Amino acid sequence: MPILNDIIDWVHNRPVFWQVAIDRLIRNNELTNDDISELKEICKVDFGLSDFDFDKVNFDDLRKFANNTTSNDDITLSKISPPTGPRLYRGLNALGICNALLPTFPS
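Read on for a plain summary of the structure.

A word on the pattern of salt bridges. This model, assessed by the stated rule, comprises six salt bridges. Close ionic contact of Arg-24 with Asp-35 constitutes a salt bridge, the shortest N to O distance being 2.9 Å. Linking Arg-24 in helix H2 (residues 16-28) with Asp-35 in helix H3 (residues 33-46), this pair joins segments that are eleven residues apart in sequence. Between Glu-38 and Arg-24 there is a salt bridge whose closest N-O contact spans 2.7 Å. In this pair, Glu-38 is assigned in helix H3 and Arg-24 in helix H2, connecting sequence segments 14 residues apart. Judged by its relative accessible area of 29%, Glu-38 falls in the partly exposed class. Since its relative accessible area comes to 15%, Arg-24 is described here as buried. Three or more residues joined by partner-sharing salt bridges are found here, namely Asp-23, Arg-27 and Asp-61.

Judged by its relative accessible area of 11%, Asp-35 is buried. Separated by 2.9 Å, the side chain of Asp-35 and the backbone nitrogen of Thr-32 make a polar contact. Filtering out sequence-adjacent residues up to four positions away, Asp-35 remains in contact with Arg-24 and Glu-30.

Let's shift gears to the side chain of Gln-19. The residue Gln-19 is located in helix H2 in this model. Its relative accessible area of 11% is what places Gln-19 among the buried residues. Once residues within four sequence positions are removed from consideration, Gln-19 is found in contact with Val-11, His-12, Arg-14, Val-57 and Phe-59.

The next point concerns the nonpolar core. In this structure, Ile-8, Val-20, Ile-26 and Ile-42 are the most contacted members of the largest nonpolar core, which totals 18 residues. Every element with two or more residues in this core is listed here: helix H1 (2-11), H2, H3 and helix H4 (59-67). Considering every element that reaches this core, the biggest residue donor is H2, with seven residues. If near-sequence neighbours (up to four positions away) are discounted, Ile-42 is found in contact with Val-16, Phe-17, Val-20, Phe-52 and Phe-54.

Here the phi dihedral of Asn-29 falls at roughly 65°; this positive angle occurs in a residue that is not glycine. Inspection of the secondary structure puts Asn-29 in the loop between H2 and H3. On the basis of relative accessibility, which here comes to 69%, the residue Asn-29 falls in the exposed class.

Conventions we followed
Residues numbered from 1 in each chain as written. Predicted model: local features only at pLDDT ≥ 70, side-chain atom pairs only at ≥ 80, totals over all residues. Heavy atoms only, no water. Salt bridge = Lys/Arg side-chain N within 4 Å of Asp/Glu carboxyl O. Helix = DSSP H or I, 4+ residues; strand = E, 2+ residues; numbered from the N terminus. Buried < 20%, exposed > 50% of the residue type's maximum accessible area, 1.4 Å probe, protein only. Polar contact = N/O pair within 3.5 Å; in protein donor to acceptor, adjacent residues only side chain to side chain. Contact = heavy atoms within 4.5 Å. Core = buried A, V, L, I, M, F, W, Y, C linked by side-chain atoms within 4.5 Å.

What follows is the structure, given as structure tokens:
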């Protein structure tokens, strides 16, 4: 699906926690509470605050997965808002990264 490849291209040069989040969203269509907890730890790894062990994104494999999706539904992304969970937002905001890394898209 071409839009997914555009998203994969966009996230390729972003911090690792973004890459893992997009990988999980493309593969699973959602982020679970466990995913959020792991993403917080991965975010800390990006800043040298944790040695959490995780699998990095294999972009070739992710592109193959995206190209084999059978859905023909259009995907429209108009904005990404900061996390709404108070613990997650405080955790990410404490690292000073929430608002700095959230992309903006025209409506």
